[in-house]
Amino acid sequence: QVQLVESGGGLVQAGGSLTLSCAASGRTFSSYVMGWFRQAPGKERELVSSISWSDGWTSYGNSVKGRFAISRDNAKNTVYLQMDSLKPEDTAIYYCAARQRASTTYAYWGQGTQVTVSS
């Protein structure tokens, strides 16, 4: 059974940093792409960043480019999202998700972790 477990959320002041972790288990993820999504109250879910397990290819949403960095630790089956220069508009529930490289659909999701940035 696939499990994605996020951790690392919390309350931080504007300009601060947080690192989110996503521990993946239940299958081999070498052919998968991992994504971090976020959803704020009243807003649509947004893809923040993604990374390929196999070759480390990454992508970022325009709103976080230059501030967030995604990485993976293959030995630990864990994906990280380093968030710097946080802004109040980054406040949201952050979700980890996984999709096969050949698919555009994220099939597996974590339970989410709350990130709150105070002004």
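The structure under discussion appears in the preceding block.
Cut-off values and rules
- Residues numbered from 1 in each chain as written.
- Predicted model: local features only at pLDDT ≥ 70, side-chain atom pairs only at ≥ 80, totals over all residues.
- Heavy atoms only, no water.
- Helix = DSSP H or I, 4+ residues; strand = E, 2+ residues; numbered from the N terminus.
- Rg over C-alpha atoms; globule rule 2.2 N^0.38 Å.
- Buried < 20%, exposed > 50% of the residue type's maximum accessible area, 1.4 Å probe, protein only.
- Contact = heavy atoms within 4.5 Å.
- Areas by Shrake-Rupley, 256 points an atom, 1.4 Å probe, with all protein chains shown as cover.
- Lys, Arg positive; Asp, Glu negative; His and termini not counted.
- Charge placed at Lys NZ, Arg CZ, Asp CG, Glu CD.
- Polar contact = N/O pair within 3.5 Å; in protein donor to acceptor, adjacent residues only side chain to side chain.

Caption draft 1: Region of the structure containing the overall build of the protein chain. A tally of helices and strands in the protein chain yields zero helices and 11 strands. The order of α-helices and β-strands along the protein chain, N terminus first, is β-β-β-β-β-β-β-β-β-β-β. In terms of overall dimensions, the protein chain is globule-like: its C-alpha atoms have a radius of gyration of 13 Å, near the 14 Å expected for 119 residues. Evaluated residue by residue, the protein chain yields a buried proportion of 41% over its 119 residues. For the protein chain, the share of sequence-separated contacts (at least 6 apart) that also reach a separation of at least 24 residues comes to 54%. Surface accessibility of the protein chain: about 6100 Å² in total, with carbon and sulfur atoms responsible for 46%. The protein chain carries 11 positive and 8 negative side-chain charges, and their two centres are separated by 4 Å.

Caption draft 2: Examining the environment of Arg67 more closely. Its location among the elements puts Arg67 in the loop between strand E6 (58–60) and strand E7 (68–73). Placed 22 residues apart in sequence, Arg67 and Arg45 show a C-alpha to C-alpha distance of 19 Å. Every residue in contact with Arg67, bar those within four places of it in the chain, is listed here: Gln82, Met83, Asp84, Ser85, Leu86, Lys87 and Asp90. Separated by 2.9 Å, the side chain of Arg67 and the backbone oxygen of Ser63 make a polar contact. Among the polar contacts listed, one links the side chain of Arg67 to the backbone oxygen of Ser85, at a separation of 2.9 Å.

Caption draft 3: Spotlight on the side chain of Ser49. Here Ser49 shows up in strand E5 (residues 46–52). Under the relative-accessibility criterion, Ser49 is labelled buried at 1%. A polar atom in the side chain of Ser49 sits 2.9 Å from the backbone oxygen of Ser59. Setting aside residues no more than four positions away along its own chain, Ser49 makes contact with Met34, Gly35, Trp36, Ser59, Tyr60, Ile70 and Leu81.

Caption draft 4: The environment of Gly26, seen in detail. Checked against the element boundaries, Gly26 lands in the loop between strand E3 (18–25) and strand E4 (32–39). Linking Gly26 and Glu89, residues 63 residues apart in sequence, is a C-alpha distance of 34 Å. Among all residues touching Gly26, those that are not within four sequence positions of it are Gln1 and Val2.

Read these as geometric descriptors, not functional statements.
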